Amino acid sequence: MRGLIVLAAAVSSVAAFGAAGHEIVATIAQILLTDKTRDQLCLILPPWAKCHLAPVAPWADQIKRFPEWRSWTSQLHYVNPNGDWPSTHCEFGENGWHSPEKNLLTAITNYTRILAEGSGQGQDYALRFLVHYVGDVHQPLHLTGRERGGNGIKVRFEHRISSLHSVWDGGLITKSIREMTNYTHPLPDKRIETALRGTIYDPYVRFIVKEGLLGWWKNEYPSWSMCPTESASSPILAQPHISQKFFRSSNTTEFTTPISDDPDLPVCPYHWAAPMHKLNCDIVFPPELDTPNPNRHTWLTNAARGLMGWAFNSRPEYLELNTPQYAGYIKNHKIMEKQLAQAGVRLAAVLNDIFDPPTDGVREELIW
């Protein structure tokens, strides 16, 4: 146990690919926390987080580099629906799941329960996992098993070879941050500015909150965090020993009740994930990728390329996604900004519900 804690502390300041997206989600959530929730989280978060959610947001990715964590947490970052092959055929649970007991949806449910009922280090780790997984469930490629969530599909983005997954994990966000020319100065709203940490993505957060939550989606976003009064229709199972390395020794491990989206918890991951998954068919997988991956090679062809590179095309023509039809469409329709905003709003709502619940037992809408 002591070794795991040391390892966790060691990675707290190390950057990970995709960290900016997770930190943006956490920062938006930080803006929307109530004072009481913020005070309670300050008692749970590790000292190096300085009472802020953003520093712990990438932690669940960072610990995967250590085998003792990777062996049981890697599978919790995604969910693979059976029969799903975007963009030609999209299914999200209609024919079940590849791993119904251990996936991103069950992880969100379980760690919400642990956060609400646990204490000490268990509650700290549950918070770190939950902050991260709420971000993951709003990234469409964490919701499909095609080519390992797009990791097996090579494309070009801004003339660089990348994976489709990496474009959505970081490429589109990095491009938006780099191209931000306004919102570089503090806003008069202290609620926004006190949650910012002087990062390169501060202008982007200001833009999403000011233009999005207070503009485009002003009448829409208060309902984003609401869950259906009845559980969603696609059953998943809560994993009984999902936290096998740490939580097995705690008193908050047994979650064996079959669930869809548990109406007794302030989260509904299936309800939130379903429209995110639909983006895979609508935009994430362009039709040009619907044929078998022409740039995926066997070990034999890879070996041949190494020995006879002159006989092979060393720079195959990968599909460029930084085009008006793809990246331009995503930018013009504010798709990425809305995903980040929805994740932040929902994360804040869950945390407020746990640590500052309404006195009448009914969750209040998040009102600015």
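Residues numbered from 1 in each chain as written. Predicted model: local features only at pLDDT ≥ 70, side-chain atom pairs only at ≥ 80, totals over all residues. Heavy atoms only, no water.

Some details on the nonpolar core
Generally speaking, nonpolar side chains in soluble globular proteins are found buried as a group.
Next, step 1: With 97 residues, the main nonpolar core has L53 and W168 as its most contacted residues.
Next, step 2: Among all residues touching L53, those that are not within four sequence positions of it are A26, A29, Q30, L33, L41, L45, L127, V131, L347 and L351. (Core = buried A, V, L, I, M, F, W, Y, C linked by side-chain atoms within 4.5 Å. Buried < 20%, exposed > 50% of the residue type's maximum accessible area, 1.4 Å probe, protein only. Contact = heavy atoms within 4.5 Å.)

A short note on the environment of Q30
Next, step 1: Relative to the assigned elements, Q30 resides in helix α2 (residues 19-32).
Next, step 2: Excluding residues within four positions of it along the chain, Q30 makes contact with R38, C51, H52, L53 and A195.
Next, step 3: Within the structure, the side chain of Q30 is placed 3.1 Å from the backbone nitrogen of L53, a separation counted as a polar contact. (Helix = DSSP H or I, 4+ residues; strand = E, 2+ residues; numbered from the N terminus. Polar contact = N/O pair within 3.5 Å; in protein donor to acceptor, adjacent residues only side chain to side chain.)

Here we look at unusual backbone geometry
Next, step 1: S87 follows P86 through a cis peptide bond whose omega is 5°.
Next, step 2: Position of S87 among the secondary structure elements: in the loop between α5 (67-73) and α6 (104-117).
Next, step 3: One non-glycine residue, E158, adopts positive backbone phi at about 55°.
Next, step 4: As for its placement among the helices and strands, E158 is situated in the loop between β1 (154-157) and β2 (160-163).
Next, step 5: A relative accessible area of 18% means that E158 is categorised as buried.
Next, step 6: The phi torsion at K334 lies on the positive side, around 55°, for a residue other than glycine.
Next, step 7: You can see K334 is positioned in the loop between α13 (324-332) and α14 (335-355).

Overview of the pairing of β2
Next, step 1: Looking at chain direction, β1 and β2 are connected through four bridges and run antiparallel. The residue bridging F157 from the neighbouring strand is R160, located in β2.
Next, step 2: If you look at the hairpin formed by β1 and β2, you'll find two residues sitting between the two strands, and E158 has a positive phi there, around 55°. (Pairing = 2+ DSSP bridges.)

With respect to the state of the cysteines
Next, step 1: With the rule as written, the count across this model stands at three disulfides.
Next, step 2: Here C42 connects covalently by a disulfide to C51, the sulfurs 1.7 Å from one another.
Next, step 3: Judged by its relative accessible area of 31%, C51 is partly exposed.
Next, step 4: Here C227 is linked by a disulfide to C268, with a sulfur-sulfur distance of 2.1 Å. Residues C227 and C268 share a disulfide whose torsion about the S-S bond is about -85°; that sign makes it left-handed. A residue pair is termed long-range when its members are at least 10 positions apart, and C227 in the loop between α10 (202-216) and β3 (236-237) and C268 in the loop between β4 (258-259) and α11 (269-284) qualify at 41 residues.
Next, step 5: Taking relative accessible area as the criterion, C227 reaches 27% and is therefore assigned partly exposed. (Disulfide = S-S within 2.5 Å.)

What about α6?
Next, step 1: With 14 residues, α6 extends 20 Å between its outermost C-alpha atoms, agreeing within 8% with the 20 Å of an ideal straight helix rising 1.5 Å per residue.
Next, step 2: Counted residue by residue, α6 has twelve buried out of 14 residues, so it is predominantly covered.
Next, step 3: Within α6, burial applies to L104, L105, T106, A107, I108, T109, N110, Y111, T112, R113, I114 and L115.
Next, step 4: Its side-chain oxygen 2.9 Å from the backbone nitrogen of L105, N103 forms the N-cap of α6. (Expected span 1.5 Å × (residues − 1).)

Observations concerning the packing of aromatic side chains
Next, step 1: Inspection of every chain in the model, using the stated rule, returns 19 aromatic pairs.
Next, step 2: Ring centres of W97 and Y270 lie 6.3 Å apart, and the angle between their planes is 85°; this geometry places the pair in the edge-to-face category. Of this pair, W97 sits in the loop between α5 and α6 while Y270 sits in helix α11, and the two are 173 residues apart along the sequence.
Next, step 3: Of the residues examined, Y270 reaches a relative accessible area of 12% and is grouped as buried.
Next, step 4: Here the aromatic residues W59, W69, W72, Y111, Y125, F129 and Y133 are joined through ring pairs into a cluster of three or more.
Next, step 5: A cation sits over an aromatic face here: R128 above W59, 4.8 Å from the ring centre.
Next, step 6: Against the face of W216 rests K334, its NZ or CZ located 5.0 Å from the ring centre. (Phe/Tyr/Trp six-rings, centres within 6.5 Å; stacked < 30°, edge-to-face > 60°. Lys NZ or Arg CZ within 6 Å of the ring centre and 35° of its normal.)

What to know about the confidence of the model for the chain
A low pLDDT means the predicted coordinates there should not be read in detail.
Next, step 1: Taken residue by residue, the chain gives an average pLDDT of 84. The fraction at 70 or more is 77%.
Next, step 2: Every residue in residues 1-17 scores below 50 in pLDDT, and together they form 31 contacts with partners more than four places removed in sequence or on other chains.
Next, step 3: Confidence over residues 310-315 falls short of pLDDT 50; this stretch has four contacts with residues more than four positions distant or in other chains. (pLDDT = per-residue confidence, 0-100.)

Examining α2
Next, step 1: Its 14 residues give α2 an end-to-end C-alpha distance of 20 Å, which sits within 8% of 20 Å, the value for a rise of 1.5 Å per residue.
Next, step 2: Within α2, 13 of the 14 residues are buried, which leaves the element mostly enclosed by the surrounding structure.

Here's the deal with the pattern of salt bridges
A side chain with one charge can pair with a side chain of the opposite charge if their charged atoms come near.
Next, step 1: Per the counting criterion, the structure on display carries twelve salt bridges.
Next, step 2: Of the charged contacts in the structure, one is a salt bridge between E158 and R178, with a shortest N-O distance of 2.3 Å. Of the two residues, E158 is situated in the loop between β1 and β2 and R178 in helix α8 (residues 164-179); the sequence distance between them amounts to 20 residues.
Next, step 3: Taking the relative accessible area as the measure of exposure, R178 reaches 49% and is therefore partly exposed.
Next, step 4: Between K338 and E220 there is a salt bridge; the shortest N-O distance is 2.8 Å. Residue K338 is located in helix α14, and its partner E220 is located in the loop between α10 and β3; the two are separated by 118 residues in the primary sequence. (Salt bridge = Lys/Arg side-chain N within 4 Å of Asp/Glu carboxyl O.)

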